[in-house]
Amino acid sequence: MAEKQPHLYIQMSDLDTNGIPSGAQSSADSAARAGSVLTFHNICYHVKTKSGFLCCRKTASKEVLRDVNGIMRPGLNAILGPTGSGKSSLLDILAARKDPHGLSGDILINGSPQPANFKCTSGYVVQDDVVMGTLTVRENLQFSAALRLPNSVKEQEKNERVNQIIKELGLSKVADSKVGTQFSRGVSGGERKRTNIGMELITDPAILFLDEPTTGLDASTANAVLLLLKRMAKQGKTIIFSIHQPRYSIFRLFDSLTLLAAGRVLYHGPAQQAVDYFQSIGHQCEPYNNPADFFLDIINGDSTAVALSKTDETTTESSEDHTEYDKTLAEQLAEKYSNSAYYRETKAQLENISVGDKKKTKAVFRQITYANSFCHQLKWVSRRTFKNLVGNPQASIAQVCVTAFLGLVVGAIFFGLKEDAAGLQNRVGAMFFLTTNQCFSSISAIELFVVEKKIFIHEYISGYYRTSAYFISKLMADLIPIRTVPSIIFTCIVYFMLGLKPTVGAFFTMMFTLMMVSYTATSMALAIATGQNVVAVANLLMTITFVFMILFSGLLVNLTSVMSWLSWLKYFSIPRYGMTALEINELSGLNFCGISNITNSANSYREMGPMACTGDEYLKSQGIDASPWGLWQNHVALACMTLIFITIAYLKLHFMKKFS
């Protein structure tokens, strides 16, 4: 992004100047070009932590931030501090992406309260890059432009915006290269980070937030990313970011520095004057030492500067010195800052800024606005989901191949079923395997919302799309190709190799039944896995659930003999509905000669009544209604369970109150 290149700005009236109140500035264009001034007044943040076992859990309040004040002007505004200092929490609070419970204080933009949809109109780059690895750099940027720019912006203007950002970020050589996943090589780490930044620059936000933008990058690449941000800051953007331990070439780019430790401000002011400030309070930075390392050493109390500052201590201590000794080092440094000229100057400037209506600040965290309609969002999210499926075909192709292989194996084992005692036993065994296989093959659906959880949370909070659009697109991408196609292939292979009932109706009934079992099992997997952070936990819950369902499928035990206080569990068994429907479809009307000879045989998996020579008599002995309604009521039950599980999964996704 060369400084001499013209900066493309797209007027978006629907977004009301990117959602930033312009204050004293006269026009929306000047507000976007000149950046915005963000001020925060007396920010305090507490979170509740729980400890102990379930029976005696204790709740305690933990202080994350205490009395934090500051001003962030156009330029590079760095928030520096050790791990656990509260810098990421402060960044999220300033970006309106933190749970407001336990939060107090005011955040103003150009002297006015943050708009309610501030998190949708500002830019926020998360620490872990959330870009779709199976898409190209250009496709990721086009996705952001299609959903974050309103319909009033023409398609040609959106493409121009994408091309301009690609040019400014130096991504022209890799624009049509895939970003890359853990299974396939893609662009470099710096190019991936720039792509992530580019997706946030689509709306030309006046304020851009970045959480640890150098994480995972080597020193040279991290320096290149910060140089990019510096050039953007010179164009008038207000860039606020947290950073842990930058090298000196990065530190010297900072315009403003906010130093935090234990939730307290130790310094807030011009970055290049921070060394002089610490020297004034007795901490001398050694020659050729990185100031950022020097600050962290002071906070941790293990630097030579701290040791040298104590060389003139006397053996006798006054009561005042003893009291100061009892304080933590962070509190001592925070108290010294509160008595400094930098703090007094900051407070004076904050007092001159109107606080405005404090009640409006609480709405900042509540409203998410969208630039486009539901149908437009559904089209683009579905398009990206199917591109992701095509771009990463290993799972779907493997499942189809495994399904075809299992179909051939089952067909070979149960090949050419006959209408005798062995034929009945083999038919029942084959139907049990078919339904069980459909259930366990659906466990792969647990990754549907777990793997992309971070991407969904970030894009939803940023106003890319509604939860319903994302949910429906994922369902269509999973149920149609991954659940429907294998069921069709499995039925076509097994049905004719086994020699089942040679009627068109029976064939399509079996295919429909297997599809319904797969849909129901998949929806249950989604209901269990949605909201989980670890795939292994959801996988364990699914396995345990299916094992109990198989016990009540109707093969391992005759359900008519189960005690009444346990028999109600059969109504929650997905394999039972599928197996019962398959048995009715296949056994109804068939005649098995000599079947009474195996009534008490140890090789039989079911207990059949005496002289059960027909399939109808066998079904009756199992308590199964062999009428047409008996067949379709199992399909209705599967359909109802599918709707219930899908509803549960959607509600868990919709009410997942987590922030990026």
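Details of the structure are given in the entry above.
Rules behind the numbers
- Residues numbered from 1 in each chain as written.
- Predicted model: local features only at pLDDT ≥ 70, side-chain atom pairs only at ≥ 80, totals over all residues.
- Heavy atoms only, no water.
- Helix = DSSP H or I, 4+ residues; strand = E, 2+ residues; numbered from the N terminus.
- Buried < 20%, exposed > 50% of the residue type's maximum accessible area, 1.4 Å probe, protein only.
- Areas by Shrake-Rupley, 256 points an atom, 1.4 Å probe, with all protein chains shown as cover.
- Core = buried A, V, L, I, M, F, W, Y, C linked by side-chain atoms within 4.5 Å.
- Contact = heavy atoms within 4.5 Å.
- Expected span 1.5 Å × (residues − 1).
- Pairing = 2+ DSSP bridges.
- Salt bridge = Lys/Arg side-chain N within 4 Å of Asp/Glu carboxyl O.
- Patch = residues over 30% accessible without salt bridge, like charges linked within 9 Å, V, L, I, M, F, W, Y side chains within 5 Å.
- Axes fitted to C-alpha atoms, helices over the stretch in contact; angles between N-to-C directions.
- Right-handed = clockwise from strand over helix to strand, strands pointing away.
- Parallel < 35°, antiparallel > 145°, perpendicular 65-115°, else oblique.
- Left-handed = near helix turned anticlockwise from the far one by under 90°.
- Nonpolar A, V, L, I, M, F, W, Y, C, P; charged D, E, K, R; others polar.
- Phe/Tyr/Trp six-rings, centres within 6.5 Å; stacked < 30°, edge-to-face > 60°.

A.B. asks: Can you help me understand the overall build of the chain in this one?
C.D. replies: Summing up its helical and strand segments, the chain has 26 helices and 10 strands in all. Taken across its 660 residues, the chain has 52% of its residues classed as buried. Just so you have it, the chain exposes about 29600 Å², and 58% of that area is on carbon and sulfur atoms.

A.B. asks: Whenever I open this one, the nonpolar core confuses me. Can you help?
C.D. replies: What tends to happen in soluble globular proteins is that the nonpolar side chains get buried as a cluster. Residues Leu38 and Phe209 are the most contacted members of the largest nonpolar core, which totals 136 residues. Ranked by the residues each element gives to this core, the list is headed by helix α21 (residues 504-529), at nine residues. In contact with leucine 38, other than residues within four places in its own chain, are Gly70, Ile71, Met72, Leu94, Ile107, Leu108, Ile109, Ile207, Phe209 and Ile240.

A.B. asks: When you look at helix α6 (residues 189-201) in this model, what are you seeing that I'm missing?
C.D. replies: Every α-helical turn comprises 3.6 residues, leaving residues that sit three or four positions apart pointing alike. Given a rise of 1.5 Å per residue, 13 residues ought to cover 18 Å, and the 19 Å separating the end C-alpha atoms of α6 matches this to within 8%. Among the 13 residues in α6, 10 count as buried, and that is most of the element. Residues Gly190, Glu191, Lys193, Thr195, Asn196, Ile197, Gly198, Met199, Glu200 and Leu201 constitute the buried set of α6. For α6, the elements touching its buried residues are β6 (123-125), α4 (137-148), α5 (155-168), β7 (207-211), α7 (219-234) and α19 (453-461).

A.B. asks: Would you mind showing me how to read the pairing of strand β3 (residues 75-80) here?
C.D. replies: Each regular strand shows side chains that alternate between the opposite faces of the sheet. Counting buried positions along β3 gives six out of six residues, so the element sits mostly inside the fold. Bridge count between β3 and strand β8 (residues 238-243): six bridges; the pairing is parallel. Looking at the pairing, asparagine 77 lines up with isoleucine 240 of β8. Strand direction decides the pairing type here: β3 and strand β9 (residues 256-261), joined by four bridges, are parallel.

A.B. asks: What should I look at first to understand the pattern of salt bridges in this one?
C.D. replies: Opposite charge on two side chains makes pairing possible when the charged atoms of those side chains draw close. Under the criterion given, the structure shown has 14 salt bridges. The residue aspartate 204 makes a salt bridge to arginine 161 at a minimum N-O spacing of 3.7 Å. Residue aspartate 204 is located in the loop between α6 and β7, and its partner arginine 161 is located in helix α5; the two are separated by 43 residues in the primary sequence. Assessed through its relative accessible area of 2%, arginine 161 is described here as buried. Among the salt bridges present, the one from arginine 427 reaches glutamate 586, with a minimum N-O distance of 3.1 Å. In this pair, arginine 427 is assigned in helix α18 (residues 421-441) and glutamate 586 in helix α24 (residues 574-587), connecting sequence segments 159 residues apart. Neither arginine 427 nor glutamate 586 differs from the other in exposure class; each is buried. Each of the salt bridges in this network shares a partner with another, and the network as a whole consists of Glu63, Arg66 and Glu331.

A.B. asks: What exactly am I supposed to notice about unusual backbone geometry here?
C.D. replies: Most peptide bonds take the trans configuration, and most residues that are not glycine carry a negative phi. For asparagine 42, which is not glycine, the phi dihedral falls at a positive 50°. If you trace the backbone, asparagine 42 turns up in strand β1 (residues 38-51). Located in the positive-phi region is asparagine 110, a residue other than glycine, with phi close to 55°. Along the chain, asparagine 110 falls in the loop between β4 (103-109) and β5 (112-113).

A.B. asks: Explain a nonpolar patch on the surface to me, please; I cannot follow it from the model alone.
C.D. replies: A cluster of nonpolar residues, Leu540, Ile544, Phe548, Leu551, Leu556 and Val557, forms a patch on the protein surface that exposes about 550 Å² of accessible area. Along the chain, the position of leucine 540 falls in helix α22 (residues 535-551).

A.B. asks: Explain the sheet that holds β8 to me, please; I cannot follow it from the model alone.
C.D. replies: Whether parallel or antiparallel, the strands of a sheet pair through hydrogen bonds between backbone atoms. Overall, mixed pairing links the six strands, which are arranged β6-β7-β8-β3-β9-β10 in an open sheet. Of all strands in the sheet, those bounded by a partner on one side alone are β6 and β10 (264-270). Strand-to-strand, the axes of this sheet are offset by a mean angle of 15°, without reference to chain direction. Here β6 pairs with β7 via three bridges, running parallel. Residue valine 125 lies in a different strand from β7, and its bridge partner there is leucine 210. Set on the sheet, α6 makes contact with β6 and β7; between it and β6 the angle comes to about 165°.

A.B. asks: For this particular structure, what's the right way to read the environment of alanine 274?
C.D. replies: Here alanine 274 is to be found in helix α9 (residues 274-280). Separated by 21 residues in sequence, alanine 274 and phenylalanine 295 have C-alpha atoms that sit 9.0 Å apart. Once residues within four sequence positions are removed from consideration, alanine 274 is found in contact with Leu257, Tyr267 and Phe295.

A.B. asks: In this structure, what is going on with the pairing of β8? I would like to understand it.
C.D. replies: Most of β8 sits out of view: six of its six residues are buried. Residues Thr238, Ile240 and Ser242 line one face of β8 and the alternating positions Ile239, Phe241 and Ile243 line the opposite face, and both faces are buried. Relative to β8, β7 runs parallel, the two being bridged by five bridges. Bridged to phenylalanine 209 within β8 is isoleucine 240. Chirality of the crossover, the property in question, places the unit of β7, α7 and β8 among those that are right-handed.

A.B. asks: Looking at this structure, I do not really get the packing of α18 against α24. What am I missing?
C.D. replies: In a pair of packed helices, the angle between the axes and the distance between the axes together describe the arrangement. At a closest axis distance of 9 Å, the pairing of α18 and α24 adopts a crossing angle of 140°. With respect to α24, the axis of α18 lies oblique. Two packed elements cross with a definite hand, and for α18 against α24 that hand is right-handed. Listed contacts from α24 to Leu424, Arg427, Val428, Met431, Phe432, Leu434, Thr435 and Cys439 of α18 are Ile574, Pro575, Gly578, Met579, Leu582, Glu583, Glu586 and Leu587.

A.B. asks: I'm lost on the packing of α4 against α6 in this one. Help?
C.D. replies: Interhelical geometry of α4 versus α6 gives an angle of 20° and a closest axis separation of 9 Å. Here α4 is positioned roughly parallel relative to α6, judged by the angle of their axes. Crossing of α4 against α6: the hand is right-handed. Residues Val137, Asn140, Leu141, Ser144 and Arg148 of α4 form the contact with α6, whose participating residues are Thr195, Gly198, Met199 and Glu200. Counted by class, the contact of α4 with α6 contains three nonpolar, four polar and two charged residues.

A.B. asks: It is not clear to me how the packing of aromatic side chains should be interpreted in this structure. Could you clarify?
C.D. replies: By convention here, two paired aromatic rings are described through the distance between centres and the angle between planes. This structure, assessed with the given rule, holds 29 aromatic pairs. Between phenylalanine 507 and phenylalanine 508, the aromatic rings sit 5.1 Å apart at their centres with planes inclined by 80°, giving edge-to-face as the arrangement. According to the relative accessible area criterion, phenylalanine 507 is buried, its value standing at 11%. A residue is classified by how much of its surface remains accessible, and phenylalanine 508, at 49% relative accessible area, is partly exposed.

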